[in-house]
Amino acid sequence: MRRFERIVVLTGAGISAESGVDTFRDKDGIWSKIDYRDVATPQGFERNPGLVHDFYNQRRRGMAGVEPNAAHFALAELEREFHAHFLLVTQNIDDLHERAGSRQLIHMHGELAKALCMNCGSRHEWRDDLSTSVPCPACHHTGLMRPDVVWFGEFPYQMDEIEAALGTCDLFVSIGTSGNVYPAAGFVEEARSAGAYTVELNLEPSGGRNLFAEAIHGRATEIVPAFAKQLLGSG
């Protein structure tokens, strides 16, 4: 494998699925059981904030017994050992990448373990339950604390930084994504336009498979460590 100097990695639900985290868009995923409009839109929160808080409280509690897997650890090692520019962008709202040791990381869809105050805009680490009776630690306003996650109809976080990295990378790797959710599904085209080599690592071919120069399909816990080892061996 050739040597690369600027790497951007995108991860999706598939990398955390092997740790036991529920996916959203699979046939048995979360959106097959609950209407996203009720729990993942600003309008749903306005209609029934209690329902939204209960949905995310359950997910937050469910993460307590979940651990990073070999794919998460492999990406953290790649970041530590690859002495070049490295950026990990994740669509996941779990904290498994951080717990595995990743540091150069952007959560483009927000974080389950953070809360956002809609009154003052402050963000806070949050591991406990949220409710309409919780006051903001910063402005003390009650009733407007929400999960710090990007809902449908909202703009993903740090897109300027992500697009700048895509415009200068020479390797783009997509791991465990469906290839159907924008803007992340368009990252491969941005990277290709910048001249990057593009690789898909996925359980099965994604919706954008034909946009990648190379595709490796299989379990993330097997193919991601192998690919990272190959990269480190070349660099």
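Nothing here was measured: the structure is a model prediction, and the numbers come from that model. (Residues numbered from 1 in each chain as written. Predicted model: local features only at pLDDT ≥ 70, side-chain atom pairs only at ≥ 80, totals over all residues. Heavy atoms only, no water.)

(A) The pairing of strand E7 (residues 171-175), seen in detail. For E7, a buried count of five out of five residues is recorded, marking the element as mostly surrounded by other parts of the structure. Burial of the side chains of E7 extends over both faces: Leu-171, Val-173 and Ile-175 are buried on one face and Phe-172 and Ser-174 on the other. Sheet analysis places strand E1 (residues 6-11) next to E7, joined by five bridges and oriented parallel. Within E7, the position partnered with Val-9 by the bridge is Val-173. Where E7 lies against strand E8 (residues 197-202), five bridges are found, and the strand directions are parallel. Paired with Phe-172 across the strands is Thr-198, a residue of E8. (Buried < 20%, exposed > 50% of the residue type's maximum accessible area, 1.4 Å probe, protein only. Helix = DSSP H or I, 4+ residues; strand = E, 2+ residues; numbered from the N terminus. Pairing = 2+ DSSP bridges.)

(B) Region of interest: the pattern of salt bridges. In total, this model carries 11 salt bridges according to the counting rule given. Arg-99 is the partner of Glu-67 in a salt bridge, and the nearest nitrogen-oxygen pair spans 3.3 Å. Of the two residues, Glu-67 is situated in the loop between helix H4 (49-62) and helix H5 (70-81) and Arg-99 in helix H6 (residues 96-100); the sequence distance between them amounts to 32 residues. Overall, the relative accessible area of 32% leaves Arg-99 in the partly exposed class. Notably, a salt bridge pairs Lys-114 with Glu-111, separated by 3.1 Å at the nearest N-O pair. Overlapping salt bridges bring together Glu-67, Asp-95, Arg-99 and Arg-127 as one network. (Salt bridge = Lys/Arg side-chain N within 4 Å of Asp/Glu carboxyl O.)

(C) Fine view of the sheet that holds strand E4 (residues 110-117). Taken in spatial order, the three strands make up an open sheet running E5-E4-E6, and their pairing is antiparallel. Each end of this open sheet is capped by a strand with a single partner; those strands are strand E5 (123-125) and strand E6 (145-149). Strand-to-strand twist of the sheet, defined as the mean angle between neighbouring strand axes without regard to direction, takes the value 45°. The sheet contact formed by E4 and E5 spans three bridges and is antiparallel. Bridge assignment links Lys-114 to a residue of E5, and that residue is Glu-125. (Axes fitted to C-alpha atoms, helices over the stretch in contact; angles between N-to-C directions.)

(D) Looking closely at the side chain of Asp-94. Examined against the element boundaries, Asp-94 turns out to sit in the loop between strand E2 (85-90) and H6. No salt bridge is formed by the buried Asp-94; its nearest oppositely charged neighbour, Arg-59, is found at 6.4 Å. Looking at Asp-94, its side chain comes within polar contact range of the side chain of Ser-16, at 2.9 Å. Separated by 3.1 Å, the side chain of Asp-94 and the backbone nitrogen of Leu-96 make a polar contact. (Lys, Arg positive; Asp, Glu negative; His and termini not counted. Polar contact = N/O pair within 3.5 Å; in protein donor to acceptor, adjacent residues only side chain to side chain.)

(E) Molecular detail of the sheet that holds E1. In space, the six strands of this open sheet follow the order E3-E2-E1-E7-E8-E9, with parallel pairing throughout. The sheet terminates laterally at strand E3 (105-107) and strand E9 (214-217), the two strands that pair on one side only. Strand-to-strand twist of the sheet, defined as the mean angle between neighbouring strand axes without regard to direction, takes the value 15°. Of the strands in this sheet, E1, E2 and E7 touch H5, which is tilted by about 155° from E2. (Contact = heavy atoms within 4.5 Å.)

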